[in-house]
Amino acid sequence: MDADDMGADLKEVLISEDRLRQRVGELAARIDADYAGRDPLLVGVLKGAIMVMADLARAMHLPAQMDWMAVSSYGSGTQSSGVVRILKDLDTDISGRDVLVVEDIIDSGLTLSWLVGNLQSRGPASVRVCAMLRKPGAARMRDVEVAYTGFDIGDEFVIGYGLDYAERYRNLPFIGTLAPHVYGGNRTEAGKR
C-alpha cells in the first residue's frame, strides 16, 4: 500500500519511508553502542510497534531476543477506562535481563507508564523505552523516561508504519495524516487508540 492507493483519504505524508529507514538506523546504532556486550530483550507493544520492532531488530548489530505484549486501557469504547489490562503477556522471564520496550507512539503516556512499572516489578536488570513517535502530551510525563525517540510530532492523528485507524493503514511504509472525511472530522474520536 502506498500514498497513491489511499487517494483522497491521505491528507499529508509527515515522515517518508526513506526518513523512517534513516532514523531507525540511527536509533539502532545508539542502542548497539549503549548495550555493547549485553543481551537486550526487545519487547514490542502490539499491534502498532510491529513495523518499528522488525526494522529496528534488523538494523541492530547486537544479537537481540524479541518478545511481545499487548495491553489495553480502552475496553470496548473509545474513552480510556483508566484500568490497564494485559491482553498478551511476555513468554520470556525478564528477571535479570536488560529490557528495551519498543513503542510506535507515545501519546499521553499513561499506558506506557503502567507497562514500565509492571515490567520493573518483574526484577529486570533494566527497563528502557524506545518510541518511534512522541506527541507533545508525552513530554509532560514525569515517571517514564524515553531513552530513544525517533521523532517528536504535533498533536495530530497519524497512520502508517504500524499505526492504524479502525485497523486500516498499518501497512503504509510512511507516516501520514488522514483526511477529515475519513473519520467524520472528529479528530478527538479518531485519536483514541
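Summary of the structure given here. Predicted, not measured: the structure shown is a model, and the values here were computed from it. Residue indices follow the written sequence of each chain, beginning from 1 at its first position. Only residues with pLDDT of at least 70 are given local features in this predicted model, and only at 80 or more are side-chain atom pairs given and counted; all residues enter the totals for whole chains, interfaces and linings. Hydrogens and water molecules were not included; the side-chain quantities draw on all heavy atoms of the structure.

**Description of the pattern of salt bridges**
So, step 1. Should a side-chain nitrogen of Lys or Arg be within 4 Å of a carboxyl oxygen of Asp or Glu, the pair is scored as a salt bridge. Tallied over the entire structure, the rule returns 15 salt bridges.
So, step 2. Here R128 and D34 are joined by a salt bridge, their closest N and O atoms 3.9 Å apart. Taken together, the residues span a long stretch of sequence, with R128 in strand β6 (residues 126–134) and D34 in helix α2 (residues 17–34) at a distance of 94 residues.
So, step 3. Burial status follows relative accessibility: with a 1.4 Å probe on protein chains alone, a residue under 20% of its type maximum counts as buried, one over 50% as exposed, and anything between as partly exposed. Exposure remark for D34: the relative accessible area of 34% places this residue in the partly exposed category.
So, step 4. Ionic pairing is found between R170 and D164, a salt bridge with its closest N-O pair at 3.2 Å.
So, step 5. Residue class for D164 comes out buried when judged on its relative accessible area of 14%.
So, step 6. A single salt-bridge network, built from bridges that share partners, covers K47, D164, E167 and R170. Secondary structure counts use DSSP, requiring at least four H or I residues in a row for a helix and at least two E residues in a row for a strand, with both numbered from the N terminus.

**Thoughts on the environment of A131**
So, step 1. Within the secondary structure, A131 is located in strand β6.
So, step 2. Taking the C-alpha atoms as reference points, A131 and A49, 82 residues apart in sequence, are found 8.7 Å from one another.
So, step 3. Two residues qualify as a contact provided that any one of their heavy atoms is within 4.5 Å of a heavy atom in the partner residue. The contact partners of A131, leaving out residues within four places of it in the chain, are E103, I106, V146, Y148, T149 and G150.

**Here we look at the sheet that holds strand β3 (residues 65–72)**
So, step 1. Ordered in space as β4-β3-β2-β5-β6-β7, the 6 strands form an open sheet in which the pairing is mixed. What marks the edges here is a single partner per strand, and that holds for β4 (85–88) and β7 (148–152). Shown here is a sheet whose adjacent strand axes are inclined to one another by a mean of 30 degrees, direction ignored.
So, step 2. Helix-sheet contacts for helix α4 (residues 110–120) involve β2 (41–45), β3, β4, β5 (98–106) and β6, and the interaxial angle to β5 is about 170 degrees. Strands were regarded as paired on the criterion that DSSP finds at least two bridges between them. Comment: axis = line fitted to C-alpha atoms, over the contacting stretch for helices; angle = value between 0 and 180 degrees taken between N-to-C directions.

**Points about unusual backbone geometry**
So, step 1. With an omega of 0 degrees, the peptide bond between L46 and K47 qualifies as cis.
So, step 2. Looking at the secondary structure, you find K47 in the loop between β2 and α3 (50–59).
So, step 3. Of note in this structure, Y161 is not a glycine but carries a positive phi near 50 degrees.
So, step 4. Here Y161 shows up in the loop between β8 (158–159) and β9 (175–178).

**Some points on the packing of α2 against α3**
So, step 1. Two elements in contact, α2 and α3, have axes whose closest approach is 8 Å; the angle formed by their N-to-C orientations is 60 degrees. Judged by the angle between their axes, α2 and α3 are oblique. In terms of crossing hand, the pair formed by α2 and α3 is right-handed. On α3, the residues that touch V24, G25, L27, A28, I31 and D32 of α2 are D55, L56 and A59. Relative orientations are named as follows: roughly parallel for angles under 35 degrees, roughly antiparallel for angles over 145 degrees, roughly perpendicular for angles from 65 to 115 degrees, and oblique for any other angle. In this scheme the crossing of two helices becomes right-handed for a clockwise turn of the near helix relative to the far one and left-handed for an anticlockwise turn of less than a right angle.

**Quick word on the sheet that holds β9**
So, step 1. Strand order in the open sheet made by the 3 strands is β1-β9-β8, with antiparallel pairing throughout. The open sheet has two edge strands, β1 (10–15) and β8, and neither has a second partner.
So, step 2. Relative to β9, β8 runs antiparallel, the two being bridged by 2 bridges. In the strand pairing of β9, I159 is matched with G176.

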